[in-house]
Amino acid sequence: MNNKPKIGVYVCHCGINISHTVDVEAVAEFASQLPNVRVAREYSYMCSDPGQALIREDIKNEGLNRVVVASCSPRMHELTFRKTLAEAGLNPYYLEMANIREHCSWVHGDREKATAKAKRLVAAAAVKARLLEPLQEKEVDVEPASLIIGAGIAGIQAALDIAEAGFKVYLVEKTPSVGGRMSQLDKTFPTLDCSACILTPKMVDVASHPNIELLTYSQVEDVSGYVGNFDVKVRKKARYVDMDKCTGCGVCAQECRLTGRIPSEFDEGMGKRAAIYLPFPQAVPAKYTIDPERCLMLTRGKCGKSPKCVDACGTGAINFEQEDEIVEFKVGSIIVATGFDVFDASRKPEYGYNDYENVITGLELERLVSASGPTGGDILIGKGDDAYVPKDIAFIKCVGSRDKSVGNEYCSRVCCMYTAKLAHLLTEKIPDANVRVYYMDVRAFGKGFEEFYDRVRREGVRYIRGNPSEVFKRGDKLVVKAENTLTSTPVEDEVDLVVLAVGLEPRRDAREIIDILRLSQSGDRFYMEAHPKLAPVDTATDGVFLAGCAQGPKDIPDTVAQAKGAASSALVLLSSGKVKVQAQVSHINEDTCRGCGYCVEICPYSAIELVTVNQFGHEALVARVNDALCKGCGACVAGCFSGSAQQKSFMDGQILPQIAALGVMR
Amino acid sequence: MVDLEKLRTVAKETISRDDVKYLIGWRQGTYGFRVTPCFIEEPGEAEQLIFSPLCTNNLASYLIVTEKLPLPRGEKPDTRKVAVMVKGCDSRAVVQQLIEQGIKREELYIIGCPCEGVLDLKKVEAKFPHILDPVAAQWGKDKIIFQLPEGVVEVPREEVLAQKCLDCRDPNPVIADITLGEEIEAWGNGEYQDVKELEAKSAEERWAFWEDKFSSCIRCYSCRNVCPMCYCKDCILDRLNPSWIYRSTNISENTAFHLSRAFHLAGRCIECGECERVCPVDIPLMKLNQKFSKEVEEKYGYRPGIDPEAKPLQSSYRPDDKEDFIL
Amino acid sequence: MSEQQFEPSVIAFLCNWCSYAGADLAGTSRIQYPTNLDIIRVMCSGRVNPLFIVNALQQGADGVLVSGCHPGDCHYMEGNFYARRRFTLMNELLNYVGVDAKRFNMSWVSASEGAKWKDVVEEVVENAKEAGPFEQFRRNKINW
Ligand SMILES: Cc1cc2nc3c(=O)[nH]c(=O)nc-3n(C[C@H](O)[C@H](O)[C@H](O)COP(=O)(O)OP(=O)(O)OC[C@H]3O[C@@H](n4cnc5c(N)ncnc54)[C@H](O)[C@@H]3O)c2cc1C
Ligand code: SF4
Ligand code: SF4
Ligand code: FES
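What counts and what doesn't
Residues numbered from 1 in each chain as written. Chains lettered and ligands numbered in written order. Predicted model: local features only at pLDDT ≥ 70, side-chain atom pairs only at ≥ 80, totals over all residues. Heavy atoms only, no water. Near = heavy atom within 4 Å. Polar contact = N/O pair within 3.5 Å; in protein donor to acceptor, adjacent residues only side chain to side chain. Areas by Shrake-Rupley, 256 points an atom, 1.4 Å probe, with all protein chains shown as cover. Helix = DSSP H or I, 4+ residues; strand = E, 2+ residues; numbered from the N terminus. Nonpolar A, V, L, I, M, F, W, Y, C, P; charged D, E, K, R; others polar. Domains from an automatic or database assignment. Contact = heavy atoms within 4.5 Å. Buried area = accessible area lost by both parts, 1.4 Å probe. Salt bridge = Lys/Arg side-chain N within 4 Å of Asp/Glu carboxyl O. Pairing = 2+ DSSP bridges. Axes fitted to C-alpha atoms, helices over the stretch in contact; angles between N-to-C directions. Phe/Tyr/Trp six-rings, centres within 6.5 Å; stacked < 30°, edge-to-face > 60°. Buried < 20%, exposed > 50% of the residue type's maximum accessible area, 1.4 Å probe, protein only. Disulfide = S-S within 2.5 Å. Left-handed = near helix turned anticlockwise from the far one by under 90°. pLDDT = per-residue confidence, 0-100. Patch = residues over 30% accessible without salt bridge, like charges linked within 9 Å, V, L, I, M, F, W, Y side chains within 5 Å. Lys, Arg positive; Asp, Glu negative; His and termini not counted. Charge placed at Lys NZ, Arg CZ, Asp CG, Glu CD. Parallel < 35°, antiparallel > 145°, perpendicular 65-115°, else oblique.

Enquirer: Whenever I open this one, the site of ligand 1 confuses me. Can you help?
Expert: All names here are of chain A. What surrounds ligand 1 is a group of 39 residues, the closest being Glu173, Arg181, Lys421, Lys554 and Ile556. A distance of 3.4 Å separates an oxygen atom of ligand 1 from a polar atom in the backbone of Phe340. Separating an oxygen atom of ligand 1 from a backbone N or O atom of Ile556 is a distance of 2.7 Å. If ligand 1 stood free it would expose 990 Å²; the protein chains cover 98% of that surface. If you list the elements that add at least two residues to the shell around ligand 1, you get helix H6 (153-164), strand S8 (187-188), strand S19 (340-342), helix H11 (362-369), helix H12 (415-429), helix H14 (510-517) and helix H15 (556-576). Of the residues contributing to the shell around ligand 1, the split by class is 19 nonpolar, 10 polar and 10 charged. For the shell around ligand 1, the two domains that each supply at least three residues are domain 2 (145-231 + 328-340 + 515-578) and domain 4 (343-505).

See below:
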């Protein structure tokens, strides 16, 4: 290509938006005198069809190879004019714009000074245009599959939506069963539908859907690549049970020597299970798993004469030789739906959670009221013959939420309502119960929430405003010490049961996924969305989306809504089949790079790595940019002392002359 | 103090090792107070080695500027270790080079020499002009003992020590495979008195001060060339496309040169003072570099070249970094 | 040149996503401000090489401004954090060699802060005016 710059400068009147303060003719006349400028014209509306045609014709007839448009902000019309260039067969990146409307005619009144400024801006654009280089816009194919991490209600819903749209889904769940926290709940506010009734069908669907590959008891180990082309590595932990042979009959668990000896995670430690177990009756898949940390065979290499489960199993499904399996696959998009942990109540020692067995958490009460729970749905505190039905019951709200002292300033958004729900269930189960709720505020913002809260109060649950300072034992009663802040009276309330409405926290293992996917955390430590309002399911990493409580506390309706949002964002990618990658990316001159790795540290997207190259027989470290990962911020460029990293269209060699032009024009 | 016998024995042993290429150390120079860096490849040569207050050169510079000639096809590069003698400040250069991946730890054998401060030859030669015969010097208590041709002379330490050593906080090597001699208690207080004095002046006075200094610069680039941290293969200040600074020597280009050089060393300068030592027109470059040492330490609690695991200052940040000057 | 007549030249580096957009908003809102400041657009304040400041002063600027998104709001998450460190250091250096502290300015202006942008421009231009023409540091002959 004959690349001697031939620049066309087009100065726009923008009706009178520009020309009323800027002498457009004078600017065009000035531009025509600038070095390498072949033509300079002014026109009423450059962005109109005839305006663009003007440029296209000049490119053809005058052989222009660079274009400067002096008009509105490039944030407005850069894409328009890039297209114009492309239509005329010129590389679209040979365009430079001078913003003489938003940054000039609209903000200045003095015609002479505004015209002078417009000339400066045009001159700076023209020198830069001279030095522009053609860039290629690359597109990469999108792998038509999605990875979903976490199979709570969020992950399940997103998986179903994507699978229904016809794309492959890999649904990875850490525990032996899908379902997440929702499976532990009894009824759900505010409608009181039974949680299992609405969840179980969906759990079964994910297991049977032909497009979903369910990987339970598995963990994502590594993700590399970029939007459209992620390479995923998943570790399927050994269950020591052959999934194909296990029928889920459960005789093994009955026979296990440790049966009824191991606290069940699902029942929050209140129920007991065996070393070989199904987490809960409706678990999906309905296959047993051996707990490697408890099983006698696996921990000591010996279980009586021979392991009882092996003897009991009719299909010979148990296999102590099984090993972890690594599964690798490719996906185009990723949804993180890893959910939450409940606040650890022992971090508020004043409430005595560790000291008294009749101080329990909301989640524990969920299990107690559940018909499938450890007590079969009876509200029984204590063990064996000592067990009793509590009459005086106090809830304490905001435990671990809205509390700077434990580092959680945020509101957990579900505790107000689950407290109302559980209070209601208690009054139902224990008709003569006397239930009160200690609260700071009641936040009943959702659909049907206020109505539900009202109903619960009318059922006789007393709401006392005050944040208890302490719970202690007096005789065989617990005393809740608080101040009723509405009446300014101190309260010492004697009760049989205290329920702590613990808040939602980021999972304690949240770091794992951060390290693998390079997510950011917001101030509350939940995973951070790309924009709190306009991109609530996106993350800063293209192609990675968030759903459910992993992004912040929310109830089931919001979780499902967000999951559907994340699924649709993932589907946009998958169904278009292509993604464009940035053209104005950074590039490193390997000959001058000194391999210091500053850029590697700086890049927010891990787009740069140090590679070893052979330089005349010697090994040398140099930095290399992955175009598909680079977002073109240029932070590496300014941090590179050797000037080896340069961002295309924003190179030092292009900006320095701009500075010079602005200086000279004084 | 480093015992010469011990030093030479260690050097001999080191150089006899199969995995050591050569040893970089100091030996007596050709005349007067001169001491010169030397590259030792044979055990026999170890007898030349010295360590004294005259060993000013920062040998870490040689680790990084060694020329790598093209190798004939098939020939493997010699990746045996380089042994190097380091003072406290030199060792910080090594650490900073490690941080910036300029060298590999496994290709180094570091011989640490605790140092009680080296001399400013300009001060020494002003006291004892025109001495041509080689002179030796050694540390005494709060003094330097010279073996001049006319006999032994003792001079109070403050009178002849290099400026940078008067306030040294790292007399002991911060990294070494073997350390010779006893650890020395640091005497510097890190108060950056010099910098503060200049800061206390008005902007006009400061400009006048530096204008005077920078206008004498002949742009020989010695300061850059000697610096153990300046090792780009192709310095941007030499480049024509794009051209950051012009070649002409005038106050504008000279100032731009010095600002750029100093800035590129912000958070990297390890205060060995080599630039100032080699400057032929006596520009107080350390006054510039120390400004950054001070700022970086005060603002970010950072001292370059101390912790090999630390992230470089300019490629890291904290969300709560100070920003009081921002509008 | 007398004080009153002096019209300083200010060069400003603005990130595309916040400050440049904020300046656009000032335009759309027809907020008036002085003509002395010329904008160079970069994608992020993290792209601005601190040596650009030195260069701009050499090439005829009497004042320089770098403006980006507020900390935590950078479109690329971290760019302005790096910029903040770099320019804190550059600012110290310039002051130390006696460059009037008013010549170099940095600001955070978001896409919604059209009015703040005007205040910033006025302040920066006023600062440059007070500092006066920076002829001591000008390059003799500027090639471009
Ligand atoms: C006591 C209590 C009562 C509640 N009551 C109600 C109610 O009545 N109504 C209502 O609307 N909401 C209620 N909620 C809120 C409700 O539980 C949540 O909205 C819902 O569970 C969020 O679902 P999720 O899928 O985002 O997270 P989760 O349910 O936490 O699911 C996350 C899943 O991801 C898995 N996982 C985590 N990390 C990984 C990993 N690294 N790899 C693979 N898998 C991983 C977990 O094992 C889990 O299965 C209640 C919450 C609590 C604590
Ligand atoms: S910062 Fe520059 S010199 Fe250092 S590794 Fe990156 S490109 Fe190379
Ligand atoms: S321009 Fe930004 S995104 Fe691209 S490699 Fe450099 S730092 Fe990373
Ligand atoms: S995009 Fe505005 S500062 Fe980074």
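Enquirer: Explanation requested: the interface of chain C and chain A in the structure shown.
Expert: Think of interface size as the accessible area that goes away when the parts come together; that is how it is often given. Opposite the 48 residues of chain C that make contact, chain A presents 51 residues. Between chain C and chain A the total buried area reaches about 4200 Å² when both faces are included, carbon and sulfur atoms providing 59% of it. Scanning the region where chain C abuts chain A turns up 5 salt bridges. Across the chain C-chain A interface, the total number found is 20 residue pairs in polar contact (both at pLDDT 80 or more). Residue assignment for the side of chain C that touches chain A shows that the elements contributing at least two residues are strand S1 (10-15), helix H1 (19-28), strand S2 (37-42), helix H2 (50-58) and helix H3 (79-96) of chain C. No other element matches H1(C), which puts 7 residues into the side of chain C that touches chain A.

Enquirer: How should the sheet that holds strand S12 (residues 229-236) of chain A be read in this particular structure?
Expert: In any sheet, the strands associate via hydrogen bonds between backbone groups, in a parallel or an antiparallel arrangement. All names here are of chain A. Pairing is antiparallel in the open sheet, where 3 strands are placed in the order S11-S12-S17. Two strands bound the open sheet, and with one partner strand each, they are strand S11 (218-226) and strand S17 (325-331). Mean inter-strand twist for the sheet, computed between neighbouring axes without regard to direction, equals 20°. Here S12 runs beside S17; their pairing, made up of 7 bridges, is antiparallel. Directly across from Asp231, in S17, lies its bridge partner Lys330.

Enquirer: Would you mind going over the site of ligand 2 with me for this structure?
Expert: Ligand 2 sits among A:Ile588, A:Cys593, A:Arg594, A:Gly595, A:Cys596, A:Gly597, A:Tyr598, A:Cys599, A:Ala623, A:Cys640, A:Ser642 and A:Ser644. When grouped by side-chain class, the residues that make up the shell around ligand 2 number 7 nonpolar, 4 polar and 1 charged.

Enquirer: Would you take a moment to explain the packing of aromatic side chains for this structure?
Expert: Both the distance between ring centres and the angle between the ring planes are used here to describe each pair of aromatic rings. Residues and elements named next belong to chain B. Evaluation of the coordinates by the stated rule reveals 30 aromatic pairs over all chains. Between Tyr22 and Phe39, the aromatic rings sit 5.4 Å apart at their centres with planes inclined by 55°, giving tilted as the arrangement. Placement of Tyr22 in strand S1 (residues 20-28) and of Phe39 in strand S2 (residues 35-40) is noted, with a sequence separation of 17 residues between them. For Tyr22, a relative accessible area of 15% gives the class buried. Taking the relative accessible area as the measure of exposure, Phe39 reaches 38% and is therefore partly exposed.

Enquirer: I'm lost on the state of the cysteines in this one. Help?
Expert: One way to say it: the disulfide is the covalent bond shared by the sulfur atoms of two cysteines. Counted according to the given criterion, the structure contains 1 disulfide over all chains. In this model, A:Cys194 is linked to A:Cys197 through a disulfide, with the two sulfur atoms separated by 2.2 Å. Across the S-S bond of A:Cys194 and A:Cys197 the torsion is about 90°, and the bridge reads as right-handed. Residue class for A:Cys194 comes out partly exposed when judged on its relative accessible area of 23%. In this structure A:Cys197 comes out as exposed when scored by relative accessible area, which is 51%. With no disulfide partner, B:Cys168 has as its closest neighbouring cysteine sulfur the one in B:Cys165, 6.2 Å distant. The exposure class assigned to B:Cys168 is buried, which follows from its relative accessible area of 17%.

Enquirer: I'm lost on the packing of helix H1 (residues 24-32) of chain A against helix H5 (residues 111-130) of chain A in this one. Help?
Expert: What describes two packed helices is the angle between their axes and the distance between those same axes. All names here are of chain A. In contact at an axis separation of 10 Å, H1 and H5 are set at 35° when each is read in the N-to-C sense. The handedness of the crossing between H1 and H5 comes out as right-handed. Of the residues in H5, those touching H1 at Ala26, Val27, Phe30 and Ala31 are Thr115, Ala118, Lys119, Val122 and Ala123.

Enquirer: Just checking my understanding: could you explain the environment of A:Asp515 for this structure?
Expert: Examined against the element boundaries, A:Asp515 turns out to sit in helix H14. Under the relative-accessibility criterion, A:Asp515 is labelled exposed at 52%.

Enquirer: I'm lost on the pattern of salt bridges in this one. Help?
Expert: Note on pairing: side chains with opposite charge can pair once their charged atoms come close. Residues and elements named next belong to chain A. The tally for this structure, following the rule as stated, stands at 86 salt bridges over all chains. Here Arg56 ties to Glu87 by a salt bridge, and the two come within 2.8 Å at their closest N and O atoms. Placement of the pair is Arg56 in helix H2 (residues 49-62) and Glu87 in helix H3 (residues 74-87), with a sequence separation of 31 residues. Its relative accessible area of 23% is what places Arg56 among the partly exposed residues. As a salt-bridge pair, Lys348 and Glu350 come within 3.3 Å of each other at their nearest N and O atoms. Taking relative accessible area as the criterion, Lys348 reaches 10% and is therefore assigned buried. A network of salt bridges, in which partner residues are shared, links Arg181, Glu268, Asp341, Arg347, Glu505, Arg508 and Arg525.

Enquirer: Could you clarify how one ought to interpret the confidence of the model for chain C in this entry?
Expert: Caution applies to low-pLDDT regions: their predicted coordinates should not be interpreted in detail. Mean pLDDT over chain C: 92, with 94% of residues reaching 70 or higher. Here the predicted complex scores 0.75 on pTM and 0.96 on ipTM.

Enquirer: Help me understand the interface of chain A and chain B in this model?
Expert: Listed by partner, the interface residues are 24 residues for chain A and 25 residues for chain B. Summing the contributions of chain A and of chain B, the shared interface buries around 2100 Å²; its carbon and sulfur component is 58%. Taken as a group, A:Arg594, A:Tyr598 and A:Phe641 account for 32% of the area that chain A buries against chain B, more than any other trio of residues on that side. Here chain A and chain B share 2 salt bridges between them.

Enquirer: I keep staring at the sheet that holds strand S4 (residues 95-99) of chain A and nothing clicks. Help me out?
Expert: Residues and elements named next belong to chain A. Strand order across the open sheet formed by 4 strands is S2-S1-S3-S4, with parallel pairing between neighbours. Looking at the sheet topology across the chains shown, the edges are occupied by strand S2 (37-43) and S4. In this sheet, neighbouring strand axes are inclined to one another by 15° on average, regardless of whether the strands run parallel or antiparallel. Relative to S2, strand S1 (residues 7-12) runs parallel, the two being bridged by 6 bridges. Within the sheet, the bridge partner assigned to Val9 lies in S2 and is Ala40.

Enquirer: How do you make sense of a positive patch on the surface when you look at a structure like this?
Expert: Where like charges cluster on the molecular surface, the positive patch consists of A:Arg257, A:Lys302, A:Lys305 and A:Lys308. Along the polypeptide, A:Lys305 turns up in the loop between helix H9 (296-300) and helix H10 (308-312).

Enquirer: Can you walk me through the environment of A:Asp161 in this structure?
Expert: Residue and element names in this part refer to chain A. Examined against the element boundaries, Asp161 turns out to sit in helix H6. Distance from Asp161 to Val39, taken between C-alpha atoms, is 55 Å for residues 122 residues apart in sequence. Apart from the residues within four sequence positions on either side, Asp161 is in contact with Lys564, Ala567 and Leu571.

Enquirer: How should the packing of H5(A) against helix H18 (residues 652-664) of chain A be read in this particular structure?
Expert: All names here are of chain A. At their nearest, the axes of H5 and H18 sit 8 Å apart, and the two run at 150° to each other. Taken together, the axis directions place H5 and H18 in an arrangement best described as roughly antiparallel. Taken as a pair, H5 and H18 cross one another with a handedness that is right-handed. On the side of H5, the interface is formed by Arg120, Ala123, Ala124, Val127 and Lys128, while H18 contributes Gln654, Pro657, Gln658, Ala661 and Leu662. Residues belonging to the contact of H5 with H18 are distributed by class as follows: 6 nonpolar, 2 polar and 2 charged.

Enquirer: Before we go on, may I ask you to explain the domain arrangement of chain A in this structure?
Expert: Residue and element names in this part refer to chain A. When the domains of chain A are assigned, the result is domain 1 (7-135), domain 2 (145-231 + 328-340 + 515-578), domain 3 (251-312), domain 4 (343-505) and domain 5 (586-648). The centre of domain 3, based on its C-alpha atoms, is set 33 Å off from the matching centre of domain 4. Counting residues at the interface gives 5 residues for domain 3 and 6 residues for domain 4. Between domain 3 and domain 4, the buried area comes to about 580 Å², and carbon and sulfur atoms account for 68% of it. It is Asp267, Glu268 and Met270 that lose the most area in domain 3 upon contact with domain 4, and together they represent 74% of the buried surface on that side. Where domain 3 touches domain 4, the interface holds 1 salt bridge. Notably, a salt bridge pairs Arg367 with Asp267, separated by 2.8 Å at the nearest N-O pair. At the junction of domain 3 and domain 4, the tally comes to 1 residue pair in polar contact (both at pLDDT 80 or more). The class makeup of the residues in the side of domain 3 that touches domain 4 is 2 nonpolar, 1 polar and 2 charged.

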